[in-house]
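Each chain is listed here by its residues.
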Amino acid sequence: MAYVHAPRWRPNGFLRGSAALHAAALAGAALGPQLWPWMLGAVAANQAAILAGGLLPRARLLGPNRTRLPAAAAARGEIALTLDDGPDPEVTPRVLELLARAGARASFFCVAERAARPPALVREIVAQGHTVENHSLRHRHDFSLLGPRGYLREIGAAQEALAAAAGSTPRFFRAPAGLRNPFLDYALVRLELALVSWTRRGFDTVDGNAASVHRRLTRRLRAGDILLLHDGRPARTRHGSPVVLEVLARLLAALRAAELRPVTLRAALD
Ligand SMILES: [Zn+2]
């Protein structure tokens, strides 16, 4: 794949400073061994900051990262429901049913490899007024260890597959598990994708208790929030049903009571 006309990447001040620090440390190390401990200390502190910026899903240190809707959308009483890790042949159709009944719209961050089987599911998501966004090709566990080319390949291939399946090109990207490194920002700029995280998440892939997942999602709930749920690989309740279904039913009722309107990220950000 060629990215000849892709936009140029302009790293932020922190990353430019980090690069300058590493260059200065190399130059300083050449001056004499008495400077080495200072250089190593400065480089180690900088590396720790880069690592923290990549491990905290809501951090902005490594590049732009949206965690709330813009003020204009909040003023309109809008909120964004985002569903990750799907589509899933069992769960996604039931999520779509709940959303349709409530007249709610959502953004589905699909794993492209899962979207390929069956592709009809992705078309159904779009047909019902929701949008399909990019959550990588395979949801690799070592995603945060990829380099610039690895990111371009993994996210670029997902972008093509999801665009073909959905009929429109994804505009937003969410990193698997929210983990990343400084090269991700480079790849997202080249692929014209914006990184979106969340205001709050319910941990519905690990907690099968609908009440506690719902509580995490609705604590200090207000207009402009971006909520993270999962239609792929959700935890199960005591009765064996996907916890997201119970949570979503409650959540949609809570949003209605609070007069908050669930819209897609594209609608809120346009
Ligand atoms: Zn995920």
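Our subject is the structure listed above.
Since we're looking at a predicted model, the values are computed, not measured.

**Quick notes on the coordination of the zinc ion**
For step 1, the next point in the chain: In this structure, Asp85 (OD), His135 (NE2) and His139 (NE2) serve as the protein donors to the zinc ion, at separations of 2.1 Å.
For step 2, the next point in the chain: All donors of the zinc ion come from a single chain, and their spacing in sequence reads D-x49-H-x3-H. On the criterion of sequence distance, the pair formed by Asp85 in the loop between β1 (78–84) and α4 (91–102) and His135 in the loop between β3 (131–134) and α7 (148–166) is long-range, its members being 50 residues apart. Accessibility assignment for this pair places Asp85 and His135 in one class, buried.

**Some words on the side chain of Asn65**
For step 1, the next point in the chain: Tracing the backbone through its elements, the reader meets Asn65 in the loop between α2 (36–55) and α3 (71–75).
For step 2, the next point in the chain: A distance of 2.5 Å separates a polar atom in the side chain of Asn65 from a polar atom in the side chain of Ser197.
For step 3, the next point in the chain: Once residues lying within four places of it in the same chain are set aside, the contact partners of Asn65 are Pro57, Arg58, Ala59, Arg60, Arg180, Leu195, Val196 and Ser197.

**What to know about the nonpolar core**
For step 1, the next point in the chain: With 37 residues, the main nonpolar core has Leu81, Leu83, Val95, Leu99, Phe108, Leu229 and Leu248 as its most contacted residues.
For step 2, the next point in the chain: When residues in this core are grouped by element, the largest group, 8 residues, is from helix α10 (residues 243–257).
For step 3, the next point in the chain: Excluding residues that lie within four positions of it along the chain, Leu83 makes contacts with Val95, Leu99, Ala106, Ser107, Phe108, Phe109, Leu229, His230, Asp231 and Val244.
For step 4, the next point in the chain: In this structure, Phe143, Tyr151, Phe173 and Tyr186 belong to the second largest nonpolar core, which totals 14 residues.

**A closer look at the packing of aromatic side chains**
For step 1, the next point in the chain: Under the defined criterion, the tally for this structure stands at 3 aromatic pairs.
For step 2, the next point in the chain: An aromatic cluster of three or more residues is present, and its members are Phe143, Tyr151 and Phe173.
For step 3, the next point in the chain: Just above the ring of Phe109 sits the side chain of Arg174; from NZ or CZ to the centre is 4.4 Å.

**Some details on the pairing of strand β7 (residues 226–230)**
For step 1, the next point in the chain: Of all 5 residues making up β7, 5 are buried, and the element is well covered by its neighbours.
For step 2, the next point in the chain: Neither face of β7 is open: one carries Ile226, Leu228 and His230, the other Leu227 and Leu229, and all of them are buried.
For step 3, the next point in the chain: Note that the unit made of strand β6 (residues 200–201), helix α9 (residues 210–218) and β7 has a crossover that is right-handed.

**Details of a positive patch on the surface**
For step 1, the next point in the chain: A cluster of basic residues, Arg215, Arg219, Arg220 and Arg250, forms a positive patch at the surface.
For step 2, the next point in the chain: Mapped onto the elements, Arg250 comes out in helix α10.
For step 3, the next point in the chain: A relative accessible area of 37% means that Arg250 is categorised as partly exposed.

**Re the environment of Leu265**
For step 1, the next point in the chain: Relative to the helices and strands, Leu265 is located in helix α11 (residues 265–269).
For step 2, the next point in the chain: With a relative accessible area of 0%, Leu265 lands in the buried category.
For step 3, the next point in the chain: Residues Leu265 and Glu78 lie 187 residues apart in sequence; the distance between their C-alpha atoms is 9.9 Å.
For step 4, the next point in the chain: Those residues in contact with Leu265, other than ones at most four positions away along the chain, are Leu69, Ala80, Thr82, Ser107, Phe109, Phe172, Val196 and Ile226.

**Let's talk about the pattern of salt bridges**
For step 1, the next point in the chain: Inspection of the entire model under this criterion finds 12 salt bridges.
For step 2, the next point in the chain: Of the charged contacts, one joins Arg94 and Glu90 as a salt bridge, the two residues approaching to 3.8 Å between their closest N and O atoms.
For step 3, the next point in the chain: For the salt bridge of Arg101 with Glu97, the shortest nitrogen-to-oxygen distance reads 3.4 Å. You can see Arg101 and its partner Glu97 sitting in helix α4, 4 residues apart, about one turn around the helix.
For step 4, the next point in the chain: When salt bridges that share partners are traced, they join Arg68, Arg200 and Asp225 into one network.

The rules behind the values
- Residues numbered from 1 in each chain as written.
- Predicted model: local features only at pLDDT ≥ 70, side-chain atom pairs only at ≥ 80, totals over all residues.
- Heavy atoms only, no water.
- Donors = N, O, S within 2.8 Å, 3.2 Å for Na, K, Ca; no water.
- Helix = DSSP H or I, 4+ residues; strand = E, 2+ residues; numbered from the N terminus.
- Buried < 20%, exposed > 50% of the residue type's maximum accessible area, 1.4 Å probe, protein only.
- Polar contact = N/O pair within 3.5 Å; in protein donor to acceptor, adjacent residues only side chain to side chain.
- Contact = heavy atoms within 4.5 Å.
- Core = buried A, V, L, I, M, F, W, Y, C linked by side-chain atoms within 4.5 Å.
- Phe/Tyr/Trp six-rings, centres within 6.5 Å; stacked < 30°, edge-to-face > 60°.
- Lys NZ or Arg CZ within 6 Å of the ring centre and 35° of its normal.
- Right-handed = clockwise from strand over helix to strand, strands pointing away.
- Patch = residues over 30% accessible without salt bridge, like charges linked within 9 Å, V, L, I, M, F, W, Y side chains within 5 Å.
- Areas by Shrake-Rupley, 256 points an atom, 1.4 Å probe, with all protein chains shown as cover.
- Salt bridge = Lys/Arg side-chain N within 4 Å of Asp/Glu carboxyl O.
- Lys, Arg positive; Asp, Glu negative; His and termini not counted.
- Charge placed at Lys NZ, Arg CZ, Asp CG, Glu CD.

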